[in-house]
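# Observations on the model geometry
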Amino acid sequence: MGVRLTDREAPRRPATSPPGRVKEVTSVSNPIVKDIRNLALKKHREETGLFLAEGLKLVIDALDAGWTIDTLIAAKTQLHSDLLSKTAARTVAGGADVLEASDKVLAAISRRDNPQSAIGVFRQKTTRLDRIDLGRDGLLVVLDRVRDPGNLGTILRTADAAGAKGVVLVGESVDPFSLEAVRATMGSIFAVPVAKVDEAAFLAFRKGFSGLVVGTHMRGETDFRKPAYGSKPTLLLMGNEQSGLSDTLAGACDTLVRIPQAGRADSLNLAVATGLMIFEARRGSLAL
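These notes cover the structure that comes with them. Being a predicted model, the structure only gives us computed values, none of them experimental. (Residues numbered from 1 in each chain as written. Predicted model: local features only at pLDDT ≥ 70, side-chain atom pairs only at ≥ 80, totals over all residues. Heavy atoms only, no water.)

Along the backbone of the protein chain there are ten helices and twelve strands. Taking 288 residues into account, the globule formula puts the C-alpha radius of gyration at 19 Å, and the protein chain, at 21 Å, falls close to it. Across its three principal axes, the protein chain shows a C-alpha extent of roughly 60 × 45 × 40 Å. Taking all 288 residues of the protein chain together, the buried fraction comes to 50%. Of all intrachain contacts in the protein chain linking residues separated by at least 6 positions in sequence, the fraction that spans at least 24 positions is 81%. With an accessible surface of roughly 14000 Å², the protein chain has 49% of that area assigned to carbon and sulfur atoms. Across the protein chain, 39 positive and 33 negative side-chain charges occur, with their mean positions spaced 1 Å apart. (Helix = DSSP H or I, 4+ residues; strand = E, 2+ residues; numbered from the N terminus. Rg over C-alpha atoms; globule rule 2.2 N^0.38 Å. Buried < 20%, exposed > 50% of the residue type's maximum accessible area, 1.4 Å probe, protein only. Contact = heavy atoms within 4.5 Å. Areas by Shrake-Rupley, 256 points an atom, 1.4 Å probe, with all protein chains shown as cover. Lys, Arg positive; Asp, Glu negative; His and termini not counted. Charge placed at Lys NZ, Arg CZ, Asp CG, Glu CD.)

What follows is the structure in C-alpha coordinates.
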(Lines give C-alpha, C1' and ligand atoms only; values in the text may rest on other atoms or scores of the structure.)
Protein backbone atom coordinates (compact mmCIF):
# COMPACT_ATOMS: atom_id res chain seq x y z
CA MET A 1 0.00 0.00 0.00
CA GLY A 2 1.07 3.62 -0.25
CA VAL A 3 1.78 3.76 -4.00
CA ARG A 4 0.97 7.23 -5.31
CA LEU A 5 -1.43 7.27 -8.24
CA THR A 6 0.18 8.98 -11.23
CA ASP A 7 -2.39 8.14 -13.91
CA ARG A 8 -6.04 7.22 -14.11
CA GLU A 9 -5.31 3.77 -12.81
CA ALA A 10 -2.67 2.57 -10.40
CA PRO A 11 -0.11 0.31 -12.10
CA ARG A 12 -1.09 -3.32 -12.55
CA ARG A 13 1.15 -6.11 -11.36
CA PRO A 14 3.22 -7.87 -13.99
CA ALA A 15 1.55 -10.97 -15.37
CA THR A 16 4.40 -13.04 -13.94
CA SER A 17 4.17 -11.62 -10.40
CA PRO A 18 4.90 -14.11 -7.60
CA PRO A 19 2.04 -15.45 -5.46
CA GLY A 20 0.77 -13.25 -2.67
CA ARG A 21 1.14 -13.92 1.01
CA VAL A 22 -1.29 -15.05 3.71
CA LYS A 23 -1.08 -13.29 7.07
CA GLU A 24 -3.14 -13.49 10.23
CA VAL A 25 -4.21 -10.21 11.84
CA THR A 26 -6.07 -9.93 15.12
CA SER A 27 -5.28 -6.39 16.29
CA VAL A 28 -6.84 -3.17 14.98
CA SER A 29 -3.56 -1.42 15.84
CA ASN A 30 -1.66 -3.48 13.26
CA PRO A 31 -0.04 -0.98 10.82
CA ILE A 32 -1.49 -2.80 7.80
CA VAL A 33 -4.99 -2.57 9.30
CA LYS A 34 -4.50 1.12 10.07
CA ASP A 35 -3.46 1.76 6.47
CA ILE A 36 -6.52 -0.05 5.15
CA ARG A 37 -8.83 1.78 7.56
CA ASN A 38 -7.44 5.08 6.26
CA LEU A 39 -8.99 4.28 2.89
CA ALA A 40 -12.17 5.67 4.42
CA LEU A 41 -10.51 9.06 3.86
CA LYS A 42 -10.66 10.58 0.38
CA LYS A 43 -7.14 11.97 0.74
CA HIS A 44 -5.72 8.50 1.40
CA ARG A 45 -7.65 7.01 -1.52
CA GLU A 46 -6.26 9.69 -3.82
CA GLU A 47 -2.71 9.18 -2.57
CA THR A 48 -2.75 5.41 -2.94
CA GLY A 49 -5.16 4.90 -5.83
CA LEU A 50 -6.90 2.23 -3.75
CA PHE A 51 -10.43 1.75 -2.40
CA LEU A 52 -12.54 -0.73 -0.42
CA ALA A 53 -15.20 -3.10 -1.72
CA GLU A 54 -17.16 -4.73 1.10
CA GLY A 55 -18.72 -8.16 0.78
CA LEU A 56 -17.75 -11.40 -0.95
CA LYS A 57 -20.15 -10.78 -3.85
CA LEU A 58 -18.55 -7.41 -4.65
CA VAL A 59 -15.07 -8.89 -4.40
CA ILE A 60 -15.96 -11.67 -6.85
CA ASP A 61 -17.73 -9.22 -9.17
CA ALA A 62 -14.59 -7.08 -9.26
CA LEU A 63 -12.27 -10.02 -9.89
CA ASP A 64 -14.52 -11.37 -12.64
CA ALA A 65 -14.55 -7.91 -14.28
CA GLY A 66 -10.76 -7.82 -14.33
CA TRP A 67 -10.16 -5.24 -11.60
CA THR A 68 -6.83 -5.49 -9.78
CA ILE A 69 -7.00 -6.57 -6.15
CA ASP A 70 -4.31 -5.41 -3.75
CA THR A 71 -5.41 -7.15 -0.54
CA LEU A 72 -8.25 -9.42 0.54
CA ILE A 73 -9.34 -9.22 4.17
CA ALA A 74 -11.15 -12.48 4.95
CA ALA A 75 -12.93 -13.55 8.13
CA LYS A 76 -10.76 -16.27 9.66
CA THR A 77 -13.85 -17.84 11.25
CA GLN A 78 -15.49 -18.29 7.82
CA LEU A 79 -12.60 -19.56 5.72
CA HIS A 80 -14.21 -22.99 5.85
CA SER A 81 -16.69 -21.60 3.32
CA ASP A 82 -15.91 -23.03 -0.11
CA LEU A 83 -16.56 -19.76 -1.97
CA LEU A 84 -14.50 -17.63 0.43
CA SER A 85 -11.59 -20.08 0.48
CA LYS A 86 -11.58 -20.27 -3.33
CA THR A 87 -11.61 -16.46 -3.57
CA ALA A 88 -8.70 -16.29 -1.12
CA ALA A 89 -6.76 -18.83 -3.19
CA ARG A 90 -7.55 -16.87 -6.35
CA THR A 91 -6.27 -13.69 -4.72
CA VAL A 92 -2.98 -15.26 -3.64
CA ALA A 93 -2.48 -16.85 -7.06
CA GLY A 94 -2.89 -13.41 -8.62
CA GLY A 95 -0.07 -11.97 -6.51
CA ALA A 96 -2.12 -10.15 -3.87
CA ASP A 97 -2.08 -10.69 -0.12
CA VAL A 98 -4.78 -12.27 2.03
CA LEU A 99 -5.29 -11.15 5.61
CA GLU A 100 -7.01 -13.75 7.77
CA ALA A 101 -8.75 -11.32 10.08
CA SER A 102 -10.60 -11.51 13.36
CA ASP A 103 -14.19 -10.26 13.50
CA LYS A 104 -12.93 -7.27 15.49
CA VAL A 105 -10.58 -6.26 12.68
CA LEU A 106 -13.28 -6.66 10.03
CA ALA A 107 -15.69 -4.55 12.08
CA ALA A 108 -13.05 -1.83 12.48
CA ILE A 109 -12.35 -1.68 8.73
CA SER A 110 -15.99 -1.75 7.63
CA ARG A 111 -17.20 0.44 10.53
CA ARG A 112 -20.06 -1.99 11.06
CA ASP A 113 -20.95 -4.13 14.05
CA ASN A 114 -21.81 -7.09 11.83
CA PRO A 115 -19.22 -7.05 9.05
CA GLN A 116 -19.38 -9.28 6.01
CA SER A 117 -16.95 -12.15 5.51
CA ALA A 118 -14.71 -10.37 3.01
CA ILE A 119 -13.43 -6.90 2.17
CA GLY A 120 -11.32 -6.27 -0.90
CA VAL A 121 -8.78 -3.51 -1.42
CA PHE A 122 -8.80 -2.72 -5.14
CA ARG A 123 -7.01 -0.34 -7.45
CA GLN A 124 -9.14 2.50 -8.76
CA LYS A 125 -9.99 2.71 -12.44
CA THR A 126 -11.62 5.52 -14.38
CA THR A 127 -12.16 6.01 -18.10
CA ARG A 128 -11.33 8.91 -20.38
CA LEU A 129 -14.52 10.59 -21.57
CA ASP A 130 -13.47 10.47 -25.21
CA ARG A 131 -12.92 6.71 -24.99
CA ILE A 132 -16.49 5.83 -24.04
CA ASP A 133 -18.05 4.34 -27.17
CA LEU A 134 -21.73 5.29 -27.47
CA GLY A 135 -22.26 3.43 -30.72
CA ARG A 136 -25.32 4.28 -32.79
CA ASP A 137 -27.79 4.97 -29.99
CA GLY A 138 -25.99 4.67 -26.67
CA LEU A 139 -26.80 6.68 -23.54
CA LEU A 140 -24.24 8.52 -21.41
CA VAL A 141 -25.36 9.86 -18.02
CA VAL A 142 -23.71 13.17 -17.08
CA LEU A 143 -23.93 14.30 -13.46
CA ASP A 144 -23.22 17.92 -12.52
CA ARG A 145 -21.56 18.18 -9.07
CA VAL A 146 -23.42 15.25 -7.48
CA ARG A 147 -22.68 15.35 -3.74
CA ASP A 148 -24.40 12.40 -2.10
CA PRO A 149 -22.59 9.02 -2.27
CA GLY A 150 -25.86 7.11 -1.95
CA ASN A 151 -27.30 8.97 -4.92
CA LEU A 152 -24.22 8.34 -7.03
CA GLY A 153 -24.10 4.66 -6.14
CA THR A 154 -27.78 4.20 -6.94
CA ILE A 155 -27.38 6.01 -10.26
CA LEU A 156 -24.46 3.78 -11.23
CA ARG A 157 -26.53 0.72 -10.37
CA THR A 158 -29.46 2.04 -12.41
CA ALA A 159 -27.23 2.92 -15.37
CA ASP A 160 -25.89 -0.62 -15.29
CA ALA A 161 -29.37 -2.15 -15.15
CA ALA A 162 -30.60 -0.10 -18.10
CA GLY A 163 -27.53 -0.64 -20.26
CA ALA A 164 -26.19 2.92 -20.24
CA LYS A 165 -22.67 3.22 -21.67
CA GLY A 166 -21.20 5.14 -18.76
CA VAL A 167 -21.48 7.86 -16.15
CA VAL A 168 -19.61 11.17 -16.29
CA LEU A 169 -18.93 13.23 -13.16
CA VAL A 170 -18.59 16.94 -13.92
CA GLY A 171 -16.99 19.35 -11.47
CA GLU A 172 -16.57 18.87 -7.72
CA SER A 173 -18.45 15.60 -7.26
CA VAL A 174 -18.49 12.99 -4.52
CA ASP A 175 -15.83 10.29 -4.82
CA PRO A 176 -17.28 7.25 -6.63
CA PHE A 177 -14.77 5.10 -4.73
CA SER A 178 -15.95 6.08 -1.25
CA LEU A 179 -17.14 3.10 0.78
CA GLU A 180 -20.71 4.46 0.86
CA ALA A 181 -20.87 4.97 -2.92
CA VAL A 182 -19.37 1.56 -3.68
CA ARG A 183 -21.85 -0.11 -1.31
CA ALA A 184 -24.78 1.60 -3.03
CA THR A 185 -23.69 0.40 -6.48
CA MET A 186 -24.13 -3.24 -5.42
CA GLY A 187 -21.25 -4.16 -7.74
CA SER A 188 -22.13 -1.93 -10.68
CA ILE A 189 -19.05 0.23 -10.03
CA PHE A 190 -17.15 -2.63 -11.69
CA ALA A 191 -19.40 -2.75 -14.76
CA VAL A 192 -20.09 0.89 -15.68
CA PRO A 193 -17.29 3.10 -17.06
CA VAL A 194 -16.86 6.26 -14.98
CA ALA A 195 -15.23 9.44 -16.27
CA LYS A 196 -14.33 12.52 -14.21
CA VAL A 197 -13.90 15.93 -15.88
CA ASP A 198 -14.22 19.60 -15.07
CA GLU A 199 -16.92 21.70 -16.69
CA ALA A 200 -14.59 23.19 -19.31
CA ALA A 201 -13.44 19.74 -20.45
CA PHE A 202 -17.01 18.51 -20.71
CA LEU A 203 -18.07 21.55 -22.76
CA ALA A 204 -15.15 20.94 -25.13
CA PHE A 205 -16.34 17.34 -25.54
CA ARG A 206 -19.90 18.51 -26.09
CA LYS A 207 -18.83 20.80 -28.96
CA GLY A 208 -17.71 17.80 -30.94
CA PHE A 209 -20.73 15.67 -30.01
CA SER A 210 -23.33 15.34 -32.79
CA GLY A 211 -25.98 13.38 -30.90
CA LEU A 212 -28.87 14.47 -28.69
CA VAL A 213 -28.17 16.40 -25.47
CA VAL A 214 -31.05 16.46 -22.96
CA GLY A 215 -30.99 18.08 -19.53
CA THR A 216 -33.50 18.19 -16.69
CA HIS A 217 -34.24 21.70 -15.44
CA MET A 218 -36.93 23.59 -13.54
CA ARG A 219 -37.20 25.87 -16.59
CA GLY A 220 -37.73 22.90 -18.88
CA GLU A 221 -40.82 23.22 -21.06
CA THR A 222 -40.72 19.75 -22.62
CA ASP A 223 -42.17 16.61 -21.04
CA PHE A 224 -39.30 14.22 -20.31
CA ARG A 225 -41.04 11.53 -22.39
CA LYS A 226 -41.09 13.59 -25.60
CA PRO A 227 -37.48 13.72 -26.93
CA ALA A 228 -36.53 11.20 -29.62
CA TYR A 229 -34.29 9.10 -27.40
CA GLY A 230 -32.65 6.18 -29.14
CA SER A 231 -32.61 7.81 -32.56
CA LYS A 232 -28.98 8.83 -32.02
CA PRO A 233 -26.37 8.79 -29.22
CA THR A 234 -27.66 10.73 -26.21
CA LEU A 235 -26.13 12.69 -23.36
CA LEU A 236 -28.44 12.92 -20.35
CA LEU A 237 -27.50 15.83 -18.06
CA MET A 238 -28.68 15.79 -14.43
CA GLY A 239 -28.00 18.62 -11.98
CA ASN A 240 -26.72 19.02 -8.45
CA GLU A 241 -29.04 17.94 -5.60
CA GLN A 242 -29.55 21.49 -4.34
CA SER A 243 -29.05 23.83 -7.30
CA GLY A 244 -29.72 21.68 -10.37
CA LEU A 245 -27.78 22.09 -13.62
CA SER A 246 -25.42 25.03 -13.84
CA ASP A 247 -26.54 27.72 -16.28
CA THR A 248 -23.57 26.88 -18.49
CA LEU A 249 -24.45 23.19 -18.75
CA ALA A 250 -28.15 23.98 -19.19
CA GLY A 251 -27.18 26.22 -22.10
CA ALA A 252 -25.27 23.35 -23.68
CA CYS A 253 -28.42 21.19 -23.96
CA ASP A 254 -30.49 20.77 -27.09
CA THR A 255 -33.61 20.29 -24.97
CA LEU A 256 -34.47 21.03 -21.34
CA VAL A 257 -37.12 18.71 -19.92
CA ARG A 258 -39.16 18.30 -16.75
CA ILE A 259 -40.81 15.32 -15.07
CA PRO A 260 -44.51 16.15 -14.49
CA GLN A 261 -45.61 16.07 -10.85
CA ALA A 262 -49.09 16.16 -9.33
CA GLY A 263 -48.46 16.24 -5.58
CA ARG A 264 -47.17 18.85 -3.16
CA ALA A 265 -43.51 17.86 -3.47
CA ASP A 266 -41.63 20.42 -5.54
CA SER A 267 -38.81 18.10 -6.56
CA LEU A 268 -37.61 14.50 -6.73
CA ASN A 269 -34.57 12.87 -5.19
CA LEU A 270 -31.71 13.00 -7.72
CA ALA A 271 -31.32 9.22 -7.91
CA VAL A 272 -35.07 8.74 -8.45
CA ALA A 273 -35.26 11.45 -11.12
CA THR A 274 -32.20 10.09 -12.88
CA GLY A 275 -33.64 6.58 -12.78
CA LEU A 276 -36.84 7.77 -14.46
CA MET A 277 -34.84 9.61 -17.12
CA ILE A 278 -32.49 6.68 -17.78
CA PHE A 279 -35.27 4.14 -18.27
CA GLU A 280 -37.30 6.52 -20.42
CA ALA A 281 -34.28 7.20 -22.61
CA ARG A 282 -33.60 3.46 -22.88
CA ARG A 283 -37.24 2.41 -23.33
CA GLY A 284 -36.87 1.45 -26.98
CA SER A 285 -33.86 -0.76 -26.27
CA LEU A 286 -35.27 -2.73 -23.34
CA ALA A 287 -37.47 -5.80 -23.53
CA LEU A 288 -38.43 -8.66 -21.22
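And the narrative resumes.
Once that is clear, we can look at the side chain of Glu54. By the element assignment, Glu54 lies in strand β2 (residues 50-54). At a separation of 2.7 Å, a polar atom in the side chain of Glu54 contacts the side chain of Arg183. Residues in contact with Glu54, not counting those within four places in the same chain, are Ser110, Arg112, Gln116, Ala118, Ile119, Leu179 and Arg183. (Polar contact = N/O pair within 3.5 Å; in protein donor to acceptor, adjacent residues only side chain to side chain.)

On the surface, Leu268, Val272 and Leu276 cluster together to form a nonpolar patch covering roughly 230 Å² of accessible area. Within the secondary structure, Val272 sits in helix α10 (residues 270-281). (Patch = residues over 30% accessible without salt bridge, like charges linked within 9 Å, V, L, I, M, F, W, Y side chains within 5 Å. Salt bridge = Lys/Arg side-chain N within 4 Å of Asp/Glu carboxyl O.)

The next subject is the sheet that holds strand β4 (residues 97-101). Read across the open sheet, the five strands follow the order β1-β4-β3-β5-β2; overall the sheet is mixed. This sheet does not close on itself; its edge strands, each paired only once, are β1 (22-25) and β2. Adjacent strand axes in the sheet meet at a mean angle of 20° when their direction is disregarded. Taken together, the four bridges between β1 and β4 define a ladder with parallel strand orientation. Residue pairing in the sheet places Glu24 in a bridge with Glu100 of β4. Here helix α3 (residues 56-64) sits on the sheet and contacts β2, β3 (69-75) and β5 (118-123); the angle it forms with β5, its principal contact strand, is near 30°. Taken strand by strand, helix α4 (residues 82-93) contacts β1, β3, β4 and β5, and its axis lies near 150° from that of β3. (Pairing = 2+ DSSP bridges. Axes fitted to C-alpha atoms, helices over the stretch in contact; angles between N-to-C directions.)

A few words on the packing of helix α6 (residues 149-162) against α10. Running from N to C, α6 and α10 point in directions that differ by 15°, and their axes come no closer than 9 Å. Judged on the interaxial angle alone, α10 and α6 are roughly parallel. Between α6 and α10 lies a crossing of right-handed hand. Between α6 and α10, the residues in contact are Asn151, Thr154, Ile155, Thr158, Ala159, Ala161 and Ala162 and Leu270, Ala271, Thr274, Gly275, Ile278 and Phe279, respectively. (Parallel < 35°, antiparallel > 145°, perpendicular 65-115°, else oblique. Left-handed = near helix turned anticlockwise from the far one by under 90°.)

Examined against the element boundaries, Arg21 turns out to sit in the segment before β1. For the pair Arg21 and Gly95, spaced 74 residues apart in the sequence, the C-alpha separation amounts to 7.9 Å.

So, on to the nonpolar core. Phe122, Val141, Leu143, Val167, Phe190 and Met277 are the most contacted members of the largest nonpolar core, which totals 53 residues. Setting aside chain neighbours within four positions, we find Val141 in contact with Ile155, Ala164, Gly166, Val167, Val168, Leu236, Thr274 and Ile278. Leu129, Val170, Leu235 and Leu249 belong to the second largest nonpolar core, which has 19 residues in total. (Core = buried A, V, L, I, M, F, W, Y, C linked by side-chain atoms within 4.5 Å.)

Before going further, it helps to spend a moment on the sheet that holds strand β8 (residues 194-197). Two strands in a sheet stick together by hydrogen bonds in their backbones, pointing the same way (parallel) or opposite ways (antiparallel). Taken in spatial order, the seven strands line up as β8-β7-β6-β11-β9-β12-β10 in an open sheet, and their pairing is parallel. Edge positions in the sheet fall to β8 and β10 (222-223), since each of these pairs with one other strand and no more. By the bridge criterion, four bridges tie strand β7 (residues 166-170) to β8 in an arrangement that is parallel. Paired with Val167 across the bridge in β8 is Val194. Helix-sheet contacts for α10 involve β6 (139-144), β9 (212-216), β11 (234-238) and β12 (255-258), and the interaxial angle to β11 is about 165°.

It is worth spelling out the environment of Thr71 at this point. Mapped onto the elements of the fold, Thr71 is located in strand β3. Since its relative accessible area comes to 5%, Thr71 is described here as buried. Between the C-alpha atom of Thr71 and that of Leu52, which follows or precedes it by 19 residues, the distance is 9.6 Å. In this view, Thr71 contacts Ile36, Ala96, Asp97, Leu99, Ile119, Gly120 and Val121; residues no more than four positions away in its chain are not counted.

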